[in-house]
Amino acid sequence: MSIFRSHKASADRSASDRARHKQKIDKAIRDGVTDIVADESIIGQDGKKKIKIPVKGIKEWQFIYGDNEGQKAVGSAPGQDVQKGQVVKKGQQQQGSGTGKAGKDKGEEFYEVEITLDELAEYLFASLNLPDLDRKRFKKLLDEKPRKHGTRTTGIRPRLDKKKSAIQRIKRINSARRDAEEAEEISTSFHEEDLRYYHIDSKPKESTNAVVFFAMDVSGSMTQEIRFLARSFFFLLYQFLRHKYEKTEVVFISHTTEAEETDEDNFFKKYSSGGTHVSSAPILAQDIIMKRYHPSSWNIYYFHCTDGDNWSEDNETAVKSILDLSGICQLLGYVEIIPPKTRPDWDTGAGSLYNKIKKIEGPSLKTAVIESKDSIWPVFKSFFGGLPDV
Amino acid sequence: MSDWSFEELTQWDDRICQIAKGYGLDWFEISYETIDYHEMIGAMSYHGLPSHYAHWSYGKSFERTHGMYNMGLEGLPYELIINSDPSIAYLMVENPLYLQILIMAHCVGHSDFFKNNRTFRDTDPARAPIRFRSARNRIQSYIEDPSIGIEKVESIIDACHSIQYQIDRRGRTRLPEKQLRREYEQKIKSDGTGKYKNFNIDKLPLEPEFDVLKFLVENGRRLADWEKDIMDIIHEESHYFMPQIRTKVMNEGWASFWHYRILHDLELPDAYHLPFLKTHNQVLRPWGLRINPYHLGFEIFKDIEEKKGLDECFFAREIDSDESFIRRYLTEDKARDLNLFTFSSKGRKNPDWTVDDIVDETGWNEVRSSLINQVGGNSIPVIYVDDVEKDTLILRHEHDGRDLEIDYADRCVKNIVELWKGPVKLLTHLEGEDFEIS
């Protein structure tokens, strides 16, 4: 004789352990977000587009056997013809973990998680860990003329909202009719209590348009690797900003000693011989801003990636043009991308132009050096987070 | 929605119990709980235990099972029963009556096995649910303790889970270190041969310690009480589950053997009998590239009964574990009948998996030893504490031709460092060479 009982449905017992697991996944995704490989085109994707990001597995580590030669598994296939040497399972290709990070990530297992670009931006934002106050500074506040904003029951005659008042009158009559005894007289003229007046407000309006300038040196010294880093950086920047504004336009400026506006494809592919005048790009950007994106109605962002190999004759002009431009930008970021191995021996790091610009850094002008993929995220954080790296 | 009532379950259960008693089965009373699909996955995530400490890995386990079920990759288990007295078993309300009958018969087999198999001797099934509840409450109190908190608790549990099955599998009892020391002192005193001339009586441990977690609890010098308690809890749980790991093939085989027998004796109406046969064949089908423990165990028990009688089956269920069971009872003929074979991948250049041995004059021994290598917990590498040099804990891997997965071993060693709170070294072989992880 056994006992039977109907289980008393208790609270979902694994709920908190599931929540805890999800927290861990979320964190892994956030960490992975900064590791995305930007082989997507930067613009022209809508937020629903999915991208893959590598996420560190939430693994439970135990001692297990590897698969060295001589380890045999056992199978059982009654009634089938099994011959020695017969292939029973196709071998898997060696799978790399991540991108070019073999060796370093020993013990890390990656799996890919698909998220939409919108989610990506959310994760980026979450990773910045911004206090509310700082969030606001992404949008420029424009002073607005006073405007109508709702209605009130008191006001001056010129601000009478005739339509709302008429509606109020009808409402009052209808409700009186419902409540009234049959023969009761109902007043159908306007009463004082029906009248509504416009409320005038001078709340400043947020500008919801943004234009992002991506400027890059395309001289011969900009190697594939540097461009790849620039691209990844630009990609994160764009996804992040796109999420903050209703409308985000992008302008690509490539430059050698002269700057020109170009499209995304050419921007990353084009190689030009010739020297480098960093100043050419911010000057062109100024020009474009005045013609198409007036600072009074656009939030302007400008990011400049170079290998720092500027011609010294241009340094003065470059510093001045960048300082000028930063005056009308929400943020101007000057980034030198210098992979350690491409750095000449005699060079001790960032070039002299970098140091000059660093001296004039301010809330809307930031400088940074990117050495490898790993430094993209810290730089991104230093641009937008404004908080010490944790 | 269900085609059965509690009265019906009780009636069928009476008949099942009667038949089982007639055969001499001797099981704990079974307490069946009816639960829905969601609760079933929940129960599975915690190994069926009515209460269990919280840890994110059980949430992960829930999601994985739930996901696989939704994708149709995995059916839910038909049965879930725990080793307790009374044995707690679950019946999913969505199951049709014939399936409940099958499960109840199957559970009788499991419970009989829990009660009688030698490896389960020290599991104290009467107190199991209470112990797990107490463990849950203690860990919960550490999580809620503001001076400890979930992060710290989790990281200790993570670390313990890394080595939870690094306990003695054979159930050998090892003398406490003090007693061992006394014995060795005796040996040294009465040493006529000079064998113990250079023996270091201060060595810790004096003999290899296979119970890594226990060693860490007893000899860790920088552990807080709550940390020791968590380590004890996990150690105890491993002890509780190890017999099930060691007898998976037998246990499932035995339960299947009996549900098959009992359901035949019940003389079910066709409307139940045909779906029962279908389910039975589904559960007991060979899996091709993996060994289905239900199938293998069932076939061996059937074979024993045919050749040596039912008494021998009862004898095996009492004294064997998977390893000895296969060694003693899996005959070459039966293995050929099951068409067992070994296969392996041939390195990086030729990654395809090809068949190495089949059951014939040359291959049978190899097939058998490969099979034994992957049953009864033998698929878990053996790691033991060899020594403590200064502050460094020296672990060794008992290498049997199979290399460790180094990435995993590396992470486990890091976790052990967290428990030892000092340097840890693991010695093993990799591709024929000595290899050290620290």
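Criteria and thresholds
Residues numbered from 1 in each chain as written. Chains lettered and ligands numbered in written order. Predicted model: local features only at pLDDT ≥ 70, side-chain atom pairs only at ≥ 80, totals over all residues. Contact = placed C-beta atoms within 7 Å. Helix = DSSP H or I, 4+ residues; strand = E, 2+ residues; numbered from the N terminus. Nonpolar A, V, L, I, M, F, W, Y, C, P; charged D, E, K, R; others polar. Pairing = 2+ DSSP bridges. Axes fitted to C-alpha atoms, helices over the stretch in contact; angles between N-to-C directions. Left-handed = near helix turned anticlockwise from the far one by under 90°. Domains from an automatic or database assignment.

Draft legend 1. Geometry of the interface of chain B and chain A. Residue-level contacts link 75 residues of chain B with 52 residues of chain A. Of the residues forming the side of chain B that touches chain A, the biggest block, eight residues, is contributed by helix α17 (residues 406-420) of chain B. Counted by class, the side of chain B that touches chain A contains 32 nonpolar, 23 polar and 20 charged residues. In terms of strand pairing, strand β1 (residues 3-6) of chain A meets strand β1 (residues 30-35) of chain B through four bridges, oriented parallel. Bridge assignment links A:R5 to a residue of β1(B), and that residue is B:E33.

Draft legend 2. Focus on the packing of helix α8 (residues 315-326) of chain A against helix α9 (residues 352-359) of chain A. Residue and element names in this part refer to chain A. Across the interface, α8 lies against α9 with an axial gap of 10 Å and an inter-helix angle of 35 degrees. In terms of crossing hand, the pair formed by α8 and α9 is right-handed. Judged by residue contacts, N315, A318, V319 and I322 of α8 engage S352, L353, K356 and I357 from α9. A breakdown of the residues in the contact of α8 with α9 according to their chemical character gives five nonpolar, two polar and one charged.

Draft legend 3. Region of interest: the domain arrangement of chain B. When cut into domains, chain B gives domain 1 (6-117 + 247-283), domain 2 (129-174 + 209-245 + 381-437), domain 3 (175-208) and domain 4 (287-380). The C-alpha-based centres of domain 2 of chain B and domain 4 of chain B are spaced at 31 Å.

Draft legend 4. Representation of the sheet that holds strand β11 (residues 247-255) of chain A within the structure. All names here are of chain A. Reading across from one edge, β12-β11-β10-β13-β14-β15 is the order of the six strands in this open sheet, with mixed pairing throughout. Each edge of the sheet is formed by a strand with only one pairing partner; in this case those strands are β12 (259-262) and β15 (365-370). On average, each strand axis in the sheet is tilted by 20 degrees relative to the strand beside it, whichever way the strands run. In the sheet, β11 pairs with β12 via four bridges, with the strands oriented antiparallel. Bridged to H255 within β12 is A259.

Draft legend 5. Broad picture of the environment of A:Y334. Residues and elements named next belong to chain A. Relative to the elements of secondary structure, Y334 occurs in strand β14 (residues 331-337). For the pair formed by Y334 and K72, sequence separation is 262 residues and the distance between their alpha carbons is 58 Å. Residues within four places of Y334 in sequence aside, it is in contact with H304, I322, I357 and T367.

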